[in-house]
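Structural description and commentary
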Amino acid sequence: MITGVGLICAVGNTAPEVWRSLEAGRSGVGPITAFDTTGFSVTFAAEVKGFDPLAFVDKKESRKMSRFIHLGVAAAAEAVEHSGLKITDDIAEQVGVHIGSGIGGFDIIEREHGAYLQGGQRKISPFFIPATIANLAAGHVSIRHNAKGPNQTASTACTSGAHSIGDSFRIIERGDADVMIAGGAEAAITPMSVGGFAAMRALSTRNDDPATACRPWDKDRDGFVVGEGAGILILEELEFARARGAKILAEVVGYGMSGDAFHITGMAPEGDGCMRAMRASLKSAGLKPEQIGYLNAHATSTPLGDVSESTAIANLFGEHARNHTLRVSSTKSMTGHLLGGAGGLEAGITICALQHQTAPPTANLVTPDEGCDLNYVMHGAEKLPIEYALSNSFGFGGTNASLIFKRWTE
């Protein structure tokens, strides 16, 4: 069961803010302020705005954390508060944490490398390592909330957050915990990260109009937009949630995984790997394809990836997709791509879609490309009955995950 959602990204610093922005089709993409972009081929990203980590951690502790930890701690705090969960000593061992990150503390790695080049080893901070390693968002959340159960991290590129949620679902299923604080966090808007993705020619270069740069499935798309943020869910075993009188928001009913075994960055032909992940999630949930009402796609606005995923959806969902009954959208068009945090954010957005019975739109999609012929919710948010919704996440190395959520009714 899902009892709490915490979201922070370029379009809002809380889950309600994020949902309102997405429903309105507002983009959070703009010029980079985190560093001087002089000489860069890409000068924009989807930055979190107006965020003060000192609202969540004290100044001394804050200095020991990289930005992805700040964002993860903030989203977890919102999720825990939203759930009404009080982690007392008598249940602490039943509560675990599983927060994924694809890159970890890239900002601190770059900063400390610069310090090393300037002054050698003596200039390296003693907090360098614990401020950067990928599992420290989970570590700090565990300490902050007294969660003494399983403490894990998935670091599977852009599938990290989805794997953390899916693996938490399995942890609760097998009885290793009653509650999991799960999701993903990432903060990689740094010179080396943006420069590296730009060198790969993976990023949009629409510097003259950043707000419309991320345009999944559009014939004029030219790459993704780096985003930052976090998405954290509270997963609970049903009877545990009922016993404490929790308000249940949605139910996790399916989780599927696959490997492309094809290429380190490119998707398998016709999205074979992502189709197998979606098929596995349907099998896990015991559902038929036509029972899915909304699909939050991974679609990042890259020339090949969008077509591959769209083809996989069409092949798996058949007429349900081809006749435009299935609504498919990419909220990355507004939030940017959170990399390892994307799966957590988009799982939270998918739960909001179930709660509001609304499919959020794909922004900036004007003319769908050849091979992209699904209902991409391109004319604004759409109210409709949604019983089941699916969220996709795919990553470099051919790692894929699909999550299915069910609208909760007693």
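One can find the structure itself at the top, above this paragraph.
These figures come from a predicted structure and were not determined experimentally. (Residues numbered from 1 in each chain as written. Predicted model: local features only at pLDDT ≥ 70, side-chain atom pairs only at ≥ 80, totals over all residues. Heavy atoms only, no water.)

**Thoughts on the overall build of the protein**
When its secondary structure is counted, the protein shows 14 helices and 14 strands. The principal-axis extent of the C-alpha atoms belonging to the protein is close to 65 × 55 × 40 Å. With the model as given, the accessible surface of the protein reaches about 15,700 Å², and the carbon-plus-sulfur share is 52%. Positive and negative charge centroids in the protein, built from 34 and 44 side chains respectively, lie 3 Å apart. (Helix = DSSP H or I, 4+ residues; strand = E, 2+ residues; numbered from the N terminus. Areas by Shrake-Rupley, 256 points an atom, 1.4 Å probe, with all protein chains shown as cover. Lys, Arg positive; Asp, Glu negative; His and termini not counted. Charge placed at Lys NZ, Arg CZ, Asp CG, Glu CD.)

**Some words on the layout of surface pockets**
Taken as a whole, the largest pocket encloses approximately 790 Å³ of empty space. Taken together, 39 residues line the largest pocket, and the ones lying closest to its centre are Thr265, Gly266, Thr300, Thr302 and Phe396. Listing elements by their share of the lining of the largest pocket, those giving two or more residues are helix H8 (191-199), helix H11 (303-317) and strand S13 (388-395). With six residues, the top contributor of residues to the lining of the largest pocket is H11. For the lining of the largest pocket, the residue count by class is 16 nonpolar, 17 polar and six charged. Here the second largest pocket is characterised by a volume of approximately 230 Å³. Forming the walls of the second largest pocket are 13 residues, and the residues nearest its centre are Ala34, Arg67, Asp107, Ile189 and Glu228. (1 Å grid on protein atoms, 1.4 Å probe; cavity = no way out; pocket = protein on both sides within 12 Å on 5 of 7 lines; lining within 4 Å. Points joined across faces, edges and corners; volume = space filled by probe spheres on them. Nonpolar A, V, L, I, M, F, W, Y, C, P; charged D, E, K, R; others polar.)

**Comments concerning the pattern of salt bridges**
Summed over all chains, the structure comprises 15 salt bridges. Between aspartate 176 and arginine 174 there is a salt bridge, and its shortest N-O distance comes to 2.5 Å. With a closest N to O distance of 3.3 Å, arginine 242 and glutamate 239 form a salt bridge. With arginine 242 and glutamate 239 both in helix H9 (residues 238-243), this residue pair falls three residues apart, about one helical turn. Since its relative accessible area comes to 45%, glutamate 239 is described here as partly exposed. Put simply, Arg221, Asp306 and Asp369 are held in one network by salt bridges that share partners. (Salt bridge = Lys/Arg side-chain N within 4 Å of Asp/Glu carboxyl O. Buried < 20%, exposed > 50% of the residue type's maximum accessible area, 1.4 Å probe, protein only.)

**Points about unusual backbone geometry**
With phi around 70 degrees, tryptophan 217 is a residue other than glycine that occupies positive phi space. Looking at the element boundaries, tryptophan 217 is found in the loop between H8 and strand S7 (228-236). A relative accessible area of 0% means that tryptophan 217 is categorised as buried.

**Some points on helix H1 (residues 15-23)**
Restricting attention to buried positions, one finds in H1 the residues Ala15, Val18, Trp19, Ser21 and Leu22. Take H1 and look down its axis: the buried residues cluster within an arc of 165 degrees, on one side only. For H1, the elements touching its buried residues are strand S1 (2-8), helix H3 (67-83), helix H13 (332-335), helix H14 (342-356) and strand S11 (358-359). (Arc of directions from axis to C-beta. Contact = heavy atoms within 4.5 Å.)

**Focus: the side chain of serine 193**
Here serine 193 is to be found in helix H8. With near-sequence residues (within four places) excluded, serine 193 lies in contact with Phe106, Glu110 and Ala188.

**Some points on the pairing of strand S14 (residues 399-407)**
It is a general feature of regular strands that their side chains alternate between the two faces of the sheet. In terms of burial, S14 is largely enclosed, as eight of its nine residues are buried. Across nine bridges, the pairing between strand S8 (residues 250-259) and S14 is antiparallel. Among the inter-strand pairings, alanine 250 is bridged to a residue of S14, identified as arginine 407. Bridging between S13 and S14 involves eight bridges; their strand directions are antiparallel. Of the residues in S14, the one forming a bridge with tyrosine 388 is lysine 406. Following S13, the chain reverses through three residues before pairing antiparallel with S14; glycine 397 in that reversal takes a positive phi of roughly 90 degrees. (Pairing = 2+ DSSP bridges.)

**Thoughts on the state of the cysteines**
Under the definition given, this model contains zero disulfides. Of all cysteine sulfurs, the one in cysteine 9 lies closest to cysteine 214, which takes part in no disulfide; the gap is 12 Å. Here cysteine 274 stays unpaired: no disulfide links it, and the sulfur of cysteine 372, its closest cysteine neighbor, is 12 Å away. (Disulfide = S-S within 2.5 Å.)

**Regarding the packing of aromatic side chains**
For the structure shown, the criterion picks out four aromatic pairs. Look at phenylalanine 197 and phenylalanine 224: their rings are 5.2 Å apart centre to centre, the planes differ by 75 degrees, and that puts the pair in the edge-to-face class. Note that phenylalanine 197 is positioned in helix H8 and phenylalanine 224 in the loop between H8 and S7, a separation of 27 residues in sequence. Of the two residues, phenylalanine 197 and phenylalanine 224, both sit in the buried class. (Phe/Tyr/Trp six-rings, centres within 6.5 Å; stacked < 30°, edge-to-face > 60°.)

**Structural notes on the environment of glycine 371**
As for its position among the elements, glycine 371 is in the loop between S11 and strand S12 (382-383). With relative accessibility at 47%, the residue glycine 371 sits in the partly exposed group. Residues glycine 371 and methionine 275 lie 96 residues apart in sequence; the distance between their C-alpha atoms is 16 Å. Here glycine 371 is in contact with Ser310 and Thr311, once residues within four sequence places are set aside.

**A few points about the pairing of strand S6 (residues 179-187)**
Counting buried residues along S6, nine of its nine residues qualify, which places the element largely inside the surrounding structure. Here S6 shows two buried faces, one formed by Val179, Ile181, Gly183, Ala185 and Ala187 and the other by Met180, Ala182, Gly184 and Glu186. With six bridges joining them, strand S4 (residues 95-100) and S6 adopt parallel strand pairing. Directly across from isoleucine 99, in S6, lies its bridge partner glycine 183. In this sheet, S7 lies alongside S6 in antiparallel orientation, the contact comprising nine bridges. The residue of S7 that forms the bridge with alanine 185 is alanine 230.

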